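What follows is each chain in one-letter form.
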Amino acid sequence: MNAIAYHLDPLHGLAGLTVRDQELPEPGPNQVVIEVRAASLNRRDLMLMDGIYPLPATPDIIPLSDGVGEVIAVGANVTRAALGDRVTASYFVRYVSGPQRLAHVAEQYGANYHGMLATYAVIEEDSVVHVPEHLTDVEAATLTCAGVVAWAALTTPVPVRPEQTVLTVGTGAVALFGVQHAKMLGARVISITSGPDKAERLRKLGADETIDRNETRDWDEKVRELTDGNGVEHVVEAVGLPTLSKSVRSAGYNAMITMIGASQLPKGQTLENPFVGPYLGIRRIAVGSREDFEAMNRTITEHRMRPVVDRIFPLDQAVEAYRYFRDDNPFGKVVVTMS
Ligand SMILES: NC(=O)c1ccc[n+]([C@@H]2O[C@H](COP(=O)([O-])OP(=O)(O)OC[C@H]3O[C@@H](n4cnc5c(N)ncnc54)[C@H](OP(=O)(O)O)[C@@H]3O)[C@@H](O)[C@H]2O)c1
């Protein structure tokens, strides 16, 4: 078999992605080696490429945090995985559970620890996560980053309750997982998007109400109208500062706004003071722990949930997959398959 790995030389755009032969790695005592079957792209992979991610990419790193594969070798001390298991890795190499600390986020697959865009990947045992059985490899390769951050937004520190309303903003992968997770948790979902086609797809995915932000510029007023003037209890803010003010005005008393999106304000625009309205929480989170991932997988399994996949590329077209992801505004995940 011709094993290959992509390597990222950051700050060179797509030209910084090069492909080389890959040797079969030997696992250390607490590591497993997987033969990767599929991997998927996230916004952070473009940010790492452009040098604007908070953690700089190590030059020559194998990119991508999200991927799934079959365990083909286990280290001498490994007990959490066996040969033949279908597994992925949690986003952070060493964040198993509990409140996140700075040390937890210091090592990340595809940033400063080799990732999934390769024939083989080495995973630290503590970060091994078994994937839901009903998912295809392609679907299972979409969960690690966008899936877990949306899950953590809706379940930590206090899970969304069925009588509550969740607002999702945008139709990137995080927002789509936000819709699906919120529905699995039994909540009502209102989703903001940019046109009728996406609105229709959001409703098919489970959104109870959608608002086209191009048609209804003051969408926060519509959200309040749909919630009898009360506002929503949770916001999955998957865009960022450009939509934060409206998210704040859509939120009810003691609501939680989880800022996941990293978009900055357009030049010349200033941010409205978000602390003059109702009493509410605004927080930023970074993905989640391995235990968050495992809890999400249990719920996905129970509900037979399937992530949204936009397009699949073969491994030898991985650069094209990056280009498509960057330029073509996909609805759902962009996945690279290895065979
Ligand atoms: N903190 C974390 O752990 C974490 C993890 C994952 C991702 N992120 C961040 O979360 C964000 C979402 O990532 P993603 O990959 O899911 O989605 P994405 O591709 O960044 O989202 C794009 C979508 O957001 C909407 N949008 C973009 N600009 C907008 C604007 N100015 N006003 C209103 N809507 C706008 C559009 O949806 P419509 O056309 O439907 O309106 C667009 O299709 C990114 O900033 C990413 O870096 C953070």
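Note on numbering: residues in each chain are counted from 1, in written sequence order. Under the rules for a predicted model, residues below a pLDDT of 70 receive no local features and side-chain atom pairs below 80 are neither given nor counted, while totals for whole chains, interfaces and linings still include all residues.

Asker: Where do I start with the overall build of the protein chain in this structure?
Answerer: Regarding its fold elements, the protein chain presents nine helices and 15 strands. All radius of gyration figures rest on C-alpha atoms, and the globule criterion is 2.2 Å times the number of residues raised to 0.38. Rg of the C-alpha trace for the protein chain: 20 Å, near the compact-globule value of 20 Å for 339 residues, within the 12% margin. Referenced to the eigenvectors of the C-alpha coordinate spread, the extents of the protein chain come out at roughly 60 × 40 × 35 Å. The burial label depends on the number of other C-beta atoms within 10 Å of a residue's C-beta. Counts of 20 or more mean buried, 12 or fewer mean exposed, and intermediate counts mean partly exposed, with C-beta atoms placed from the backbone. Counting only residues that meet the buried cut, the protein chain has 47% of its 339 residues in that class. A sequence separation of at least 24 residues applies to 67% of the contacts in the protein chain between residues at least 6 apart. Counting from the N terminus, the helices are the DSSP runs of H or I reaching at least four residues and the strands are the DSSP runs of E reaching at least two. Any residue pair is listed as a contact if its two C-beta atoms, each placed from the backbone, are within 7 Å.

Asker: Looking at this structure, I do not really get the site of the ligand. What am I missing?
Answerer: Proximity of a residue to a molecule or strand is defined by its backbone-placed C-beta atom lying within 6 Å of that partner. Near the ligand you find 29 residues, and of these Gly170, Thr171, Gly172, Val174 and Ser194 are the closest. Among the elements of the structure, helix H1 (43-50), helix H3 (143-155), helix H4 (173-184) and helix H7 (241-250) are those that each provide at least two residues to the shell around the ligand. Its residues assigned to classes, the shell around the ligand comprises 14 nonpolar, 11 polar and four charged. Segment limits for the domains were obtained from an automatic or database-derived domain assignment. Counting contributing residues, the shell around the ligand receives three or more from each of domain 1 (4-145 + 307-337) and domain 2 (157-284). Residue polarity follows a fixed list, in which Ala, Val, Leu, Ile, Met, Phe, Trp, Tyr, Cys and Pro are nonpolar, Asp, Glu, Lys and Arg are charged, and the others, Gly among them, are polar.

Asker: Whenever I open this one, the environment of Gly75 confuses me. Can you help?
Answerer: Relative to the helices and strands, Gly75 is located in the loop between strand E4 (66-74) and strand E5 (86-89). Since 17 C-beta atoms lie within 10 Å of it, Gly75 is described here as partly exposed. Here the alpha-carbon distance between Gly75 and Ser263, two residues 188 residues apart in the chain, equals 41 Å. If we skip the residues at most four places from it in the chain, Gly75 touches Pro27, Gly28, Pro29, Asn30, Gln31 and Val32.

Asker: Help me understand the domain arrangement of the protein chain in this model?
Answerer: Accessible area lost upon the coming together of the parts is a frequently used measure of interface size. You can read the domains of the protein chain as domain 1 (4-145 + 307-337) and domain 2 (157-284). For domain 1 and domain 2, the distance between their C-alpha centres works out to 29 Å. The interface is formed by five residues belonging to domain 1 together with seven residues belonging to domain 2. Looking at the side of domain 1 that touches domain 2, its residues break down into three nonpolar, one polar and one charged.

Asker: I tried to follow the nonpolar core on my own but got confused; where do I start?
Answerer: In a soluble, globular protein the nonpolar side chains are often hidden away together inside. In this structure, Val148, Val149, Val174 and Val236 are the most contacted members of the largest nonpolar core, which totals 102 residues. Here this core takes 10 residues from H3, the largest share from any one element. Each of two domains, domain 1 (4-145 + 307-337) and domain 2 (157-284), supplies a minimum of three residues to this core. Connectivity within a nonpolar core runs through C-beta atoms within 7 Å, and the core itself is a set of buried Ala, Val, Leu, Ile, Met, Phe, Trp, Tyr and Cys residues.

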